[in-house]
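# Coordinates in review
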Amino acid sequence: MTGTTPTLPVFSLAGRTAIVTGGAQGIGEAIVAALRDSGARVFICDINPDVGKATAERLGVDFIAADVTDSAAVEAAFDHVVATAGRIDIAVNNAGIVHNHPSESLTDHDWRKVLAVNLDGVFHCCRAAGSRMLAQGGGSIVNTGSMSGHISNFPQPQAAYNAAKAGVIHLTKSLAGEWAGRGVRVNSVSPGYVGTELTQRGMDNEEWRRAWLAGTPMKRVATPAEIAPAVVFLASDAASFCTGTDLVVDGGYTIW
Ligand SMILES: NC(=O)c1ccc[n+]([C@@H]2O[C@H](COP(=O)([O-])OP(=O)(O)OC[C@H]3O[C@@H](n4cnc5c(N)ncnc54)[C@H](O)[C@@H]3O)[C@@H](O)[C@H]2O)c1
């Protein structure tokens, strides 16, 4: 066979409108590019306007500044998408942070900060997306979980992150159950280690890097572009019978 393989129509996102939180860089940026390449009109929503605007300009998409911990700002961001594009079909709730600190001396502030972004923020975005999608008769929500929602990472301490990601996976199932009969699907993608700013500190640490690669059967970290197609799948009609599922993309980390 010669030539390129055309995209199966069921994977096409033509005519769909999408929002990606944490879309300024890293995994979110790759998701923005993949959704755009699949035909969607995409809005990046990020707390960092400098990087976010530059990425949006480079990718030819729109940018909205919002902190996902601020539910009023999240509502305003979704209002902006609907006012501009007329509807919201896909919400990728991907913004996240990590904090590595031993739990015996983790402060209330640091615990709360991680939970506020990684769990409260995902709920704020799911609620904003779900209410609008239910009103318009359908939509697809994809949350970024993590293999850390299934296993506890080694050797770095990150209990708040792991607990928040387990929460994201179960929140996803809970919302999927509430909305399954009304046209709104809710799924998550759980990456293993991916080369981004979030993991740079760990990759620069010889002990952590060795442990991470030793624990990954494929013996490497992923590129952000290797995570994005899983999101396109769940966002698209190709996943029309998937709801409440968590798609693990981890190079095999969780099989051992
Ligand atoms: N990199 C990995 O190995 C890995 C593995 C599993 C899961 N994840 C998850 O993938 C997601 C993206 O991570 P990444 O590796 O691309 O990280 P990253 O640090 O490169 O990007 C995170 C983005 O989120 C934005 N952001 C942070 N706090 C925000 C807030 N309060 N409101 C709005 N935007 C905010 C940042 O500005 C940034 O653009 C996160 O949820 C992370 O937990 C990452």
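Residues numbered from 1 in each chain as written. Predicted model: local features only at pLDDT ≥ 70, side-chain atom pairs only at ≥ 80, totals over all residues. Heavy atoms only, no water.

You'll find the chain entered in an unreviewed UniProt entry as SDR family NAD(P)-dependent oxidoreductase, with Prauserella oleivorans given as the organism. Listed under Sequence similarities (unreviewed entry) in UniProt, the entry text for the chain is "Belongs to the short-chain dehydrogenases/reductases (SDR) family." (UniProt positions renumbered as here; feature names shortened; annotations may be inferred.)

### A few points about the site of the ligand
Neighbouring the ligand are 29 residues, the closest being Asp46, Asn94, Tyr161, Val194 and Thr196. Separating an oxygen atom of the ligand from a backbone N or O atom of Gly192 is a distance of 3.5 Å. In this structure, an oxygen atom belonging to the ligand sits 2.8 Å away from a main-chain N or O atom of Val194. Because more than half of its atoms lie within 2 Å of the grid, the ligand is assigned to the largest pocket. (Near = heavy atom within 4 Å. Polar contact = N/O pair within 3.5 Å; in protein donor to acceptor, adjacent residues only side chain to side chain. 1 Å grid on protein atoms, 1.4 Å probe; cavity = no way out; pocket = protein on both sides within 12 Å on 5 of 7 lines; lining within 4 Å. Sits in = over half its atoms within 2 Å of the grid points.)

### A look at the pattern of salt bridges
Applying the stated criterion to the full structure yields 11 salt bridges. Arg16 serves as the salt-bridge partner of Asp237, at 2.9 Å between the closest nitrogen and oxygen. With a gap of 221 residues between them, Asp237 in the loop between helix 8 (228-235) and strand 7 (246-249) and Arg16 in the segment before strand 1 (17-21) connect regions that are remote in the sequence. Salt-bridge contacts for Arg87 lead to Asp89; the nearest nitrogen and oxygen are separated by 2.8 Å. With a relative accessible area of 8%, Asp89 lands in the buried category. (Salt bridge = Lys/Arg side-chain N within 4 Å of Asp/Glu carboxyl O. Helix = DSSP H or I, 4+ residues; strand = E, 2+ residues; numbered from the N terminus. Buried < 20%, exposed > 50% of the residue type's maximum accessible area, 1.4 Å probe, protein only.)

### Description of the state of the cysteines
Disulfide: a covalent bond connecting the sulfur atoms of a pair of cysteines. Within the structure shown, the criterion is met by zero disulfides. With no disulfide partner, Cys125 has as its closest neighbouring cysteine sulfur the one in Cys45, 6.4 Å distant. For the unlinked cysteine Cys242, the closest cysteine sulfur is that of Cys126, found at 17 Å. Exposure remark for Cys242: the relative accessible area of 22% places this residue in the partly exposed category. (Disulfide = S-S within 2.5 Å.)

### A closer look at the pairing of strand 1
Counting buried positions along strand 1 yields five of five residues, so the element is predominantly enclosed. In strand 1, alternate side chains face the same way, and those of Thr17, Ile19 and Thr21 on one face and Ala18 and Val20 on the other are all buried. Of the pairings in the sheet, the one linking strand 1 to strand 2 (residues 41-46) comprises five bridges and is parallel in character. Residue pairing in the sheet places Val20 in a bridge with Ile44 of strand 2. For the segment spanning strand 1, helix 1 (residues 26-37) and strand 2, crossover handedness is right-handed. (Pairing = 2+ DSSP bridges. Right-handed = clockwise from strand over helix to strand, strands pointing away.)

### So, the nonpolar core
Counting residues in hydrophobic clusters, the biggest one holds 31 residues, and the most contacted among them are Ile31 and Leu35. The set of elements that each furnish at least two residues to this core consists of strand 1, helix 1, strand 2, helix 2 (49-59), strand 4 (90-93) and helix 8. Considering each element in turn, this core owes the most residues, seven residues, to helix 1. What Leu35 contacts, discounting residues up to four positions off in sequence, is Leu13, Ala18, Val20, Ala40, Val42, Val92, Val232 and Ala235. Residues Val74, Ala91, Met133 and Val186 belong to the second largest nonpolar core, which totals 28 residues. (Core = buried A, V, L, I, M, F, W, Y, C linked by side-chain atoms within 4.5 Å. Contact = heavy atoms within 4.5 Å.)

### Some words on the side chain of Asn143
Examined against the element boundaries, Asn143 turns out to sit in strand 5 (residues 139-144). Given the relative accessible area of 0%, Asn143 is considered buried. A distance of 3.0 Å separates polar atoms of two side chains, one belonging to Asn143 and the other to Thr172.

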